[in-house]
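# Reading the structure
These are the residues of each chain, in order.
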Amino acid sequence: MSYDGFFIRDYVGETIDGPKGTSWTNSPDIICPGTTPLADPNVITNADNYNKGLPQLNNQTPLTNNWVYVRGVNPKSVPQTSTVFLYYVDTTIVLWPQNWMSTGIIYGGKQQNWVTLNAPASTDNQGIQGTISPFGWTPPRNNTHYCLVAWANNGDDQLTPPDLGSIGSVPDMANFILTHPNVGWKNTTEVDATVPTIQGVASIIGPSSGGLLSIGLQCDKLPKDGYIEFSVPGPDADNTIILPKTQIVSPNYAPTFQVTYPSMPGGFVTQMNWKYYQGATPAPAGSNVIPFVATWGLTSSFIDEVRQIAPQHLIDVHHYGSPVEFQANGRNSETKIRTIMVIGSVPFKLTR
């Protein structure tokens, strides 16, 4: 077993060493019912609910107290104590840890963003444990959707807060993700799938040190008779992405471009605007449109290493090269299916 600490999933069905999926920032173990607490908090530790990812709630009301529950499982055959820290961050595709916040989080009526949990052995109710008494959290701004992040501190010295540090490059962010399987992320936005044209916006904050990054839009279970388009303004003409209205060539089509962003304090800030045009076949409920940022790493062996350590962060993409190459060749641009590591994403979940 590669990791034996308190395990917080990134998506329904994930296990420590089992099958992997695409929506890795859609943790079913961070549950936010909003301003009203769960009528029965024990529903979060019910094994059937856990396996189905229920209750599935992410209701955020700004400027007032919201309740947040966190759960996970102990993979060990003996009981385990773990301390869970809760953070929030402005929703953006890459969730740089130096931007995580804990101001406004309380527990037991005190300013506190952590709680210690005593999880049973894996043979006892699957080892499931959670915050029966929830965190309180006040989102600080109107018209802002936040990502919630849960961090499990295992082993000795659990009450020392995690060292979030400052990560300034894409390779360093990739390394942070690979070395922290104890973190769960809730960065999902729901959109109405009953309208013919669906659109969204995702914020992008580049690395403060600048450099190469790959930006794309993944279709997750979308019918092939639909179309997508997206654009990302860049720091100059050579790094501005414009994908015109394009038919979806496979249910998991993921057009991707490589750009270079400048070095600057706080990173180059931009956004992706995307549209999905439904065809004759309606998009199924639970399908996703997923803006993402990714990397191939700095070495030829990087992807193979990720495949061994964290295969859930790998996706196959349709790589169009740079925006300049795409503009020169247009739709005739040769695309290559390549495997890449996702370092950040915002799933837009289609609901009916």
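Read on for a plain summary of the structure. This structure is a prediction, so every number in the text was calculated from the model and none was measured. (Residues numbered from 1 in each chain as written. Predicted model: local features only at pLDDT ≥ 70, side-chain atom pairs only at ≥ 80, totals over all residues. Heavy atoms only, no water.)

### Some thoughts on the overall build of the protein chain
- Across its full length, the protein chain holds 4 helices and 21 strands.
- Overall size of the protein chain, expressed as C-alpha extent along the three principal axes, is 60 × 45 × 40 Å.
- In the protein chain, the share of contacts with a sequence separation of at least 24, taken over all contacts with a separation of at least 6, comes to 79%.
- In the protein chain, which carries 18 positive and 25 negative side-chain charges, the distance between the mean positions of the two groups comes to 7 Å. (Helix = DSSP H or I, 4+ residues; strand = E, 2+ residues; numbered from the N terminus. Contact = heavy atoms within 4.5 Å. Lys, Arg positive; Asp, Glu negative; His and termini not counted. Charge placed at Lys NZ, Arg CZ, Asp CG, Glu CD.)

### Overview of the nonpolar core
- Grouped together as the largest cluster of nonpolar side chains are 69 residues, with contacts concentrated most on W100, I215 and Y276.
- When residues of this core are assigned to their parent elements, the largest contribution, 6 residues, is made by helix α2 (residues 170–178).
- Once residues lying within four places of it in the same chain are set aside, the contact partners of Y276 are P196, T197, I198, L222, P223, G226, Y227, I228, I248, A283, V289 and L350.
- By size, the runner-up hydrophobic cluster in this structure holds 27 residues, among which are Y50, V84, I128 and Y146. (Core = buried A, V, L, I, M, F, W, Y, C linked by side-chain atoms within 4.5 Å. Buried < 20%, exposed > 50% of the residue type's maximum accessible area, 1.4 Å probe, protein only.)

### Here we look at the sheet that holds strand β3 (residues 80–90)
- Here we have 4 strands laid out as an open sheet, ordered β6-β3-β9-β10, and antiparallel in their pairing. One side of each edge strand has no neighbouring strand; the edge strands of this open sheet are β6 (114–119) and β10 (183–186). Between one strand axis and the next, the sheet turns through 25° on average, direction left out of account. (Pairing = 2+ DSSP bridges. Axes fitted to C-alpha atoms, helices over the stretch in contact; angles between N-to-C directions.)

### With respect to the packing of aromatic side chains
- Throughout the structure, instances matching the rule amount to 15 aromatic pairs.
- Considering the side-chain rings of W274 and F348, the 5.1 Å spacing of their centres and the 70° angle between planes classify their relative orientation as edge-to-face. You can see W274 sitting in strand β17 (residues 269–277) and its partner F348 sitting in strand β21 (residues 348–351), a full 74 residues away along the chain. Both residues of the pair, W274 and F348, count as buried.
- Taken together, the aromatic side chains of Y87, W100, W151, F176 and W185 make up a single cluster linked through ring pairs.
- Seen from the ring of Y227, K245 lies directly overhead, with NZ or CZ sitting 5.4 Å from the centre.
- When the ring centre of W296 is taken as origin, the NZ or CZ atom of R338, which lies over that ring, is 4.0 Å away. (Phe/Tyr/Trp six-rings, centres within 6.5 Å; stacked < 30°, edge-to-face > 60°. Lys NZ or Arg CZ within 6 Å of the ring centre and 35° of its normal.)

### Some words on the pattern of salt bridges
- With the rule as written, the count across this model stands at 6 salt bridges.
- A salt bridge links R71 to D29; the nearest nitrogen and oxygen atoms lie 3.0 Å apart. One end of the pair, R71, is in strand β2 (residues 66–73); the other, D29, is in the segment before β1 (30–34), with 42 residues separating them in the sequence. Grouping residues by exposure puts R71 and D29 together as buried.
- With a closest N to O distance of 2.7 Å, R141 and D90 form a salt bridge. With R141 in the loop between β8 (135–137) and β9 (146–153) and D90 in strand β3, this pair connects stretches of sequence that are 51 residues apart.
- Of the residues examined, R141 reaches a relative accessible area of 36% and is grouped as partly exposed.
- The exposure class assigned to D90 is partly exposed, which follows from its relative accessible area of 30%.
- The network of salt bridges with shared partners includes R9, D29 and R71. (Salt bridge = Lys/Arg side-chain N within 4 Å of Asp/Glu carboxyl O.)

### A short note on α2
- V170, M173, A174, F176, I177 and L178 are the residues of α2 that are buried.
- Elements that come into contact with the buried residues of α2 comprise β9, β10, β13 (211–220), β18 (288–295), α3 (302–309) and β20 (336–345).
- Among the residues of α2, the N-terminal cap falls to S169, whose side-chain oxygen and the backbone nitrogen of D172 are separated by 3.1 Å. (Polar contact = N/O pair within 3.5 Å; in protein donor to acceptor, adjacent residues only side chain to side chain.)

### A look at unusual backbone geometry
- Omega for the peptide link from L54 to P55 comes to -10°, which places this bond in the cis form.
- Looking at the element boundaries, P55 is found in the loop between α1 (47–52) and β2.
- Positive phi is not limited to glycine here, since Q126 has a value of about 65°.
- Relative to the helices and strands, Q126 resides in the loop between β6 and β7 (128–130).
- A positive phi angle is found at N143, which is not glycine, with a value near 55°.
- Mapping N143 onto the fold places it in the loop between β8 and β9.

None of this, on its own, says anything about what the molecule does.
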